[in-house]
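Observations on the three-dimensional arrangement
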Amino acid sequence: VVGGLAPATTYRFLVESDGITGRELRFTTAPADGRPVALLAASDSRSDRAQRQAIDDRLRMLFEADPQVIGLLHGGDYVYDGTSLELFAGWMTDHERTITRDGRVLPIVPTRGNHESRGELFDQVFGWPGGGEPRNWYACRIAKDSLLLVLNTETAAGGDQALFVEESLAAAHDARWLLASYHQPAFPAVKEPSAALLHWVPSFEKHGVDLVVESDGHVQKRTVPIRGGARDDRGVVYIGEGGAGV
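Residues numbered from 1 in each chain as written. Predicted model: local features only at pLDDT ≥ 70, side-chain atom pairs only at ≥ 80, totals over all residues. Heavy atoms only, no water.

When its secondary structure is counted, the protein chain shows six helices and 15 strands. Relative to the globule expectation of 18 Å for 246 residues, the C-alpha radius of gyration of the protein chain, 18 Å, shows essentially globular dimensions. With respect to the three principal axes, the spread of C-alpha positions in the protein chain is 55 × 40 × 30 Å. For the protein chain, contacts bridging at least 24 residues in sequence account for 66% of all contacts bridging at least 6. Element-wise, carbon and sulfur atoms account for 53% of the exposed surface of the protein chain, whose accessible area totals about 12,200 Å². Measuring between centres, the 25 positive side-chain charges of the protein chain sit 6 Å from its 34 negative side-chain charges. (Helix = DSSP H or I, 4+ residues; strand = E, 2+ residues; numbered from the N terminus. Rg over C-alpha atoms; globule rule 2.2 N^0.38 Å. Contact = heavy atoms within 4.5 Å. Areas by Shrake-Rupley, 256 points an atom, 1.4 Å probe, with all protein chains shown as cover. Lys, Arg positive; Asp, Glu negative; His and termini not counted. Charge placed at Lys NZ, Arg CZ, Asp CG, Glu CD.)

In this section: the packing of helix H1 (residues 49-65) against helix H2 (residues 85-95). Two elements in contact, H1 and H2, have axes separated by 9 Å at closest approach and are oriented at 30°. Classified by the angle between their axes, H1 and H2 sit roughly parallel to one another. Between H1 and H2 lies a crossing whose hand is right-handed. Counting all contacts with H1, which are made through Arg49, Arg52, Gln53 and Asp56, the residues of H2 involved are Gly90, Trp91, Thr93, Asp94 and His95. Residue composition of the contact of H1 with H2, by class: one nonpolar, four polar and four charged. (Axes fitted to C-alpha atoms, helices over the stretch in contact; angles between N-to-C directions. Parallel < 35°, antiparallel > 145°, perpendicular 65-115°, else oblique. Left-handed = near helix turned anticlockwise from the far one by under 90°. Nonpolar A, V, L, I, M, F, W, Y, C, P; charged D, E, K, R; others polar.)

On to the pattern of salt bridges. As enumerated under the stated definition, the model contains 17 salt bridges in all. For the salt bridge of Asp57 with Arg97, the shortest nitrogen-to-oxygen distance reads 3.0 Å. Of this pair, Asp57 sits in helix H1 while Arg97 sits in the loop between H2 and strand S7 (108-110), and the two are 40 residues apart along the sequence. Relative accessible area serves as the criterion here: at 22%, Asp57 is assigned to the partly exposed category. Relative accessible area serves as the criterion here: at 33%, Arg97 is assigned to the partly exposed category. The salt bridge partner of Asp123 is Arg112, with a shortest N-O separation of 3.1 Å. Pair noted here: Asp123 is in helix H3 (residues 121-126) and Arg112 is in the loop between S7 and H3, with a separation of eleven residues, a long-range link. (Salt bridge = Lys/Arg side-chain N within 4 Å of Asp/Glu carboxyl O. Buried < 20%, exposed > 50% of the residue type's maximum accessible area, 1.4 Å probe, protein only.)

A few words now on the sheet that holds strand S12 (residues 221-222). Within the open sheet, the six strands sit side by side as S8-S9-S10-S11-S15-S12. Their pairing is mixed. Strands with a single pairing partner mark the edges of an open sheet, and in this sheet they are strand S8 (138-141) and S12. Where strand S10 (residues 177-181) lies against strand S11 (residues 211-213), three bridges are found, and the strand directions are parallel. Looking at S11, one finds that Ser181 is bridged to Val213. Contacts from helix H4 (residues 160-170) reach S8, strand S9 (146-150) and S10 within the one sheet, and its direction differs from that of S9 by about 180°. (Pairing = 2+ DSSP bridges.)

Quick look at the sheet that holds strand S5 (residues 38-42) now. Pairing within the open sheet is parallel, and its three strands lie in the order S5-S6-S7. Because the sheet does not close on itself, it has two edges, and the strands there are S5 and S7. In this sheet, adjacent strand axes meet at a mean angle of 25° when their direction is disregarded.

For the rest of this paragraph, the subject is the environment of Val105. Tracing the backbone shows Val105 in the loop between H2 and S7. Dropping the residues within four chain positions of it, Val105 is found in contact with Phe13, Leu25, Arg26, Phe27, Phe63 and Ile99.

For the rest of this paragraph, the subject is the packing of aromatic side chains. Applying the stated criterion across every chain, the model contains twelve aromatic pairs. Over the face of the ring belonging to Trp177 we find Arg176, whose NZ or CZ atom lies 3.9 Å from the ring centre. (Phe/Tyr/Trp six-rings, centres within 6.5 Å; stacked < 30°, edge-to-face > 60°. Lys NZ or Arg CZ within 6 Å of the ring centre and 35° of its normal.)

Take H2 next. Those residues of H2 that fall on the buried side of the exposure criterion are Phe88, Gly90, Trp91, Asp94 and His95. Along the axis of H2, the buried positions cluster into a sector of 155°, meaning they face one direction only. Counted as exposed and oriented over 90 degrees from the buried face of H2: Leu85 and Glu86. Against H1, strand S6 (69-74), S7 and H3 lie the buried residues of H2. (Arc of directions from axis to C-beta.)

If you want it as structure tokens, here you go:
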């Protein structure tokens, strides 16, 4: 894990393996001021490698076309079996297709999905986000005025995680935009609601969360603003639920 990085800074690096050094690559960290930024969001990239590669090519095109993009918010289900190093190695090889022609790397904001619900590989690949299994939930400040909560539907949604959601949103008085992302949806297009509906949605509505990115359904959706289980202009918009190749 690399720490101590400065905001809005471009870092160049080389990767050496078995005495072979790759080409110079670079990434740019998120800003801490109010300049505009963008995130790409997608999930469910397992099971159909050819389609995943096509989506990775599309992500590269979007990344190259918009200099405000600072990363990919991936909602989980990277591979069919999250305990398979071979499958994860293939996924990481495919993600290299998102590298731009001038060497800019697309950073990932990772979420644990149900196909990697257990095991250390997810943590090893992504640097133990949110403290590692069984936690894997955390908060990101995206630029000066945006708070993003990345949550874990593959462990208890209540208890400590629900308290984290409530306390994080309550403390975000200076955030103009409040966002959340997780795998199994509270307002699914094709499946049953997850425990997020009971444990997190009340806090989303209480604190005026603007946008929630959900996954797992292998469809594209955008809800009307929802509050109290009904359409309400003061409510929360939910988008998702996949798009990365399944």
